[in-house]
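Notes for the structure review
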Amino acid sequence: MAKKKKVKNEVEQLKKKSSKFFSEFKTFILRGNVMDLAVGVLIGSAFQGIVKSLTDNLISPILGSFSEVDFSAYSLNIGKLHLTYGAFLTDVINFVIMAFVVFLMIKSINAFENLGKKKEEEKKEEVKPVKSEEVLLLEEIRDLLKKNGKKG
């Protein structure tokens, strides 16, 4: 009987731990940042096809025209080992192009955000608080008291 109770308690503890784990996982998945990341990955993978096409169909032939050899065809044979370093170089070019385009996108987004902030700051600077007559009178009295206090 004692063994059954012990096993039952252990099973209940495991259920609590696993439900807590899945609850945390559910909270993590349903956060907005994770959904944004998922959308970014999908758009990035679609964009990767465009960059690959640009590299394969335009950039590689242009680079290949200087050496009159297909850039992606460069390879090195060592015994039975066949290393296609040209394909690797093409992938590096793809990465650099994608990184540059992402850099330009972020730079333009930041420029648009800063443009809006500058306009808001200019509006804040244009609006100067107007002092009421009472405030002006009180400031004048304060200045006179300071002036008289220094003399006396």
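Residues numbered from 1 in each chain as written. Predicted model: local features only at pLDDT ≥ 70, side-chain atom pairs only at ≥ 80, totals over all residues. Heavy atoms only, no water.

Section: the overall build of the protein chain
Let me state the cut-off plainly: We count a stretch as a helix when DSSP gives it H or I for four or more residues in a row; a strand needs E for two or more, and each element gets its number in order from the N terminus. Accessible area is worked out with a 1.4 Å probe on protein chains only. A residue is then buried under 20% of its type maximum, exposed over 50%, and partly exposed in between. Any two residues whose heavy atoms approach within 4.5 Å are treated as being in contact. Note on areas: Shrake-Rupley, 1.4 Å probe, and residue coverage restricted to the protein chains presented here.
Looking only at helices and strands, the protein chain features four helices and two strands. When the helices and strands of the protein chain are read in sequence order from the N terminus, they spell out α-α-β-β-α-α. The buried share of the protein chain, reckoned over its 152 residues, is 7%. Within the protein chain, residue pairs in contact and separated by at least 24 positions form 43% of the contacts whose partners lie at least 6 positions apart. Accessible surface for the protein chain amounts to roughly 13900 Å². Of this, 66% is attributable to carbon and sulfur atoms.

What about the pattern of salt bridges?
The following threshold applies: A side-chain nitrogen of Lys or Arg and a carboxyl oxygen of Asp or Glu constitute a salt bridge if their distance falls within 4 Å.
Inspection of the entire model under this criterion finds two salt bridges. Note that Glu-139 and Lys-131 form a salt bridge whose closest N and O atoms lie 3.1 Å from each other. Overall, Glu-139 belongs to the partly exposed group, its relative accessible area being 23%. Overall, Lys-131 belongs to the partly exposed group, its relative accessible area being 47%. When the shortest N-O distance is used, the salt bridge between Arg-142 and Asp-143 registers 3.3 Å. Using a relative accessible area of 42% as the deciding quantity, one classes Arg-142 as partly exposed. For Asp-143, a relative accessible area of 41% translates into the label partly exposed.

Describing a nonpolar patch on the surface
Counted only if it meets this: Residues forming no salt bridge and having over 30% relative accessible area are the ones grouped into patches, like charges within 9 Å of each other and nonpolar side chains (Val, Leu, Ile, Met, Phe, Trp, Tyr) within 5 Å.
Among the surface-exposed residues, Leu-76, Ile-78, Leu-81, Leu-83, Tyr-85, Phe-88, Leu-89, Val-92, Phe-95 and Val-96 lie close enough to one another that they form a single nonpolar patch of about 930 Å² accessible area. Elements represented by at least two residues in the nonpolar patch include exactly strand 1 (76-78), strand 2 (81-83) and helix 3 (85-126). In terms of residue count, helix 3 provides more of the nonpolar patch than any other element does, six residues in total. Within the element layout of this structure, Val-96 appears in helix 3.

Details of the confidence of the model for the protein chain
What counts is decided by this rule: Along the chain, pLDDT gives the predictor's confidence residue by residue, from 0 to 100.
Mean pLDDT for the protein chain: 78, with 86% of residues reaching 70 or above. Mean pLDDT per element in the protein chain: helix 1 (residues 2-29) is the minimum at 77, and strand 1 is the maximum at 88.

As for helix 1
The following threshold applies: By this rule, a helix spans an expected 1.5 Å times one less than how many residues it contains.
Spanning 28 residues, helix 1 covers 41 Å between terminal C-alpha atoms, matching the ideal 40 Å at 1.5 Å per step. Counting buried residues in helix 1 gives zero out of 28 residues, a small share hidden from the surface.

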